[in-house]
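Here is how the chains run, residue by residue.
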Amino acid sequence: MPTTNSTQSSAVSSTPRRVPRRSRLAVVGVAAVAALADWAILAKLAGLTLTARQGGIQHIGAAAVLAATIVIAFAGWGLLAILERRTKNARDTWTIIATIVCVLSLGSPLTNGIGLGAKLGLASLHLIVGVTVILGLRRTALSAERC
């Protein structure tokens with residue numbers, strides 16, 4: 001028996017789909033650019049020395065900022081993808097988890113940064129990346145209504 005257009009359209013509309021122009025890879029890129037811009041402002045323009053105690057004294061350079069941002073953004077992406085497959089309310093669950101992780105991550109720069117400028121500068125990097133990744137990936141998530 002041939003299917004009608006209404007049957008096909010209802011089958012298509014019940015399948016969750018991503019909203020066009022909301023790329024998760026773009027979120028990773030924007031987070032990296034934002035983090036590098038913040039680092040450049042802090043380290044180059046403001047002249048802050050971004051150092052921390054991490055098994056010794058570590059100077060936080062552009063490469064470290066870029067690598068950490070990319071790793072965190074892809075980890076957030078991966079968790080969101082897992083939650084979308086396994087839970088009904090992935091967007092909200094992911095947002096809560098990501099916000100908690102972002103807030104908890106502030107403990108590292110605030111306790112390990114060397115000097116007030118480094119502490120505040122490194123904390124700003126954590127916040128820039130956290131907010132960018134949380135808001136960006138949240139916009140790409142499938143909502144509970146769509147699942």
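Coordinates for the structure precede this section.
The present account deals with the structure reproduced in this document. The structure presented is a predicted model; accordingly, all values stated were derived computationally and were not measured. Residues take numbers from 1 onward in each chain, read along the sequence in its written order. Only residues with pLDDT of 70 or above have their local features reported here, since the model is predicted, and side-chain atom pairs are shown and tallied only from 80 upward, although totals for entire chains, interfaces and linings are computed over all residues. To obtain the side-chain values, all non-hydrogen atoms of the structure were included, while hydrogens and water were left out.

### A word on the nonpolar core
- Ranked by size, the top nonpolar core spans 25 residues in total, and within it L50, W94, L125 and V133 carry the most contacts.
- To qualify as a helix, a DSSP run of H or I must reach at least 4 residues; to qualify as a strand, a run of E must reach at least 2; elements of each kind are numbered from the N terminus. Residue assignment for this core shows that the elements contributing at least two residues are helix 2 (24–45), helix 3 (62–86), helix 4 (90–105) and helix 6 (116–140).
- Considering each element in turn, this core owes the most residues, 7 residues, to helix 2.
- What makes two residues a contact is simply this: any of their non-hydrogen atoms within 4.5 Å. Beyond its immediate sequence surroundings of up to four residues, W94 is in contact with G76, L79, L80, L83, V133, I134, L137 and R138. To form a nonpolar core, buried Ala, Val, Leu, Ile, Met, Phe, Trp, Tyr and Cys residues must be joined to one another through side-chain atoms within 4.5 Å. Remark: exposure states derive from per-residue accessible area (1.4 Å probe, protein chains only) relative to the maximum for the residue type, with buried under 20%, exposed over 50%, and partly exposed in between.

### As for helix 2
- For helix 2, spanning 22 residues, the distance from its first C-alpha to its last is 30 Å, which sits close to the expected 32 Å at 1.5 Å a residue.
- Those residues of helix 2 that fall on the buried side of the exposure criterion are R24, V27, V28, A31, A32, A35, D38, W39, L42 and A43. Looking straight down helix 2, one finds that the buried residues subtend no more than 135 degrees of arc, so they occupy a single side. Counted as exposed and oriented over 90 degrees from the buried face of helix 2: L25, V33, K44 and L45.
- Packing partners of the buried residues in helix 2 comprise helix 3 and helix 6.
- The N-cap of helix 2, judged by a side-chain oxygen 3.2 Å from the amide nitrogen of L25 a few residues on, is S23. By this rule the span expected of a helix is its residue count minus one, scaled by 1.5 Å. What the arc measures is the spread of directions leading from the helix axis to the C-beta atoms. We define a polar contact as two N or O atoms separated by no more than 3.5 Å, with the added condition that, inside protein, one atom must be a possible hydrogen donor and the other a possible acceptor, whereas residues neighbouring each other in sequence contribute only through side-chain atom pairs.

### Some points on a nonpolar patch on the surface
- Where nonpolar side chains cluster on the molecular surface, the patch consists of L25, L66, I70 and F74 and spans about 320 Å² of accessible area.
- The element best represented in the nonpolar patch is helix 3, accounting for 3 residues.
- Considering the arrangement of structural elements, one finds L66 in helix 3. Patch construction takes residues with relative accessible area above 30% that form no salt bridge. Like charges are linked within 9 Å, and nonpolar side chains (Val, Leu, Ile, Met, Phe, Trp, Tyr) are linked within 5 Å. Values of accessible area rely on a 1.4 Å probe in the Shrake-Rupley scheme; residue burial ignores everything except the protein chains shown. We define a salt bridge as a side-chain nitrogen of Lys or Arg found within 4 Å of a carboxyl oxygen belonging to Asp or Glu.

### With respect to the packing of helix 3 against helix 4
- Geometry is summarised by axes, namely lines fitted to C-alpha atoms with helices restricted to the contacting stretch, and by angles between N-to-C directions that run from 0 to 180 degrees. Viewed as axis vectors pointing N to C, helix 3 and helix 4 meet at an angle of 145 degrees, and their least axial separation amounts to 9 Å. Handedness of the helix 3/helix 4 crossing: right-handed. Only A90, T93, W94 and I97 of helix 4 make contact with helix 3, whose side of the interface consists of G76, L79, L80, L83 and E84.
- Throughout this entry, Asp, Glu, Lys and Arg are counted as charged residues, while Ala, Val, Leu, Ile, Met, Phe, Trp, Tyr, Cys and Pro are counted as nonpolar. The remaining residues, Gly among them, count as polar. Residues belonging to the contact of helix 3 with helix 4 are distributed by class as follows: 6 nonpolar, 2 polar and 1 charged. Crossing handedness is defined as follows: a turn of the near helix away from the far one that is anticlockwise and smaller than a right angle gives a left-handed crossing, while the clockwise case is right-handed.

### Focus on the environment of C102
- Position of C102 among the secondary structure elements: in helix 4.
- In this structure C102 comes out as buried when scored by relative accessible area, which is 11%.
- Setting aside its immediate chain neighbours within four residues, C102 contacts H126, L127, G130 and I134.

### Description of the pattern of salt bridges
- Considering all chains together, one arrives at 2 salt bridges under this definition.
- Between E84 and R24 there is a salt bridge, with its nearest N and O atoms 2.7 Å apart. A residue pair is termed long-range when its members are at least 10 positions apart, and E84 in helix 3 and R24 in helix 2 qualify at 60 residues.
- Judged by its relative accessible area of 6%, R24 falls in the buried class.
- As a salt-bridge pair, D92 and R138 come within 3.3 Å of each other at their nearest N and O atoms.

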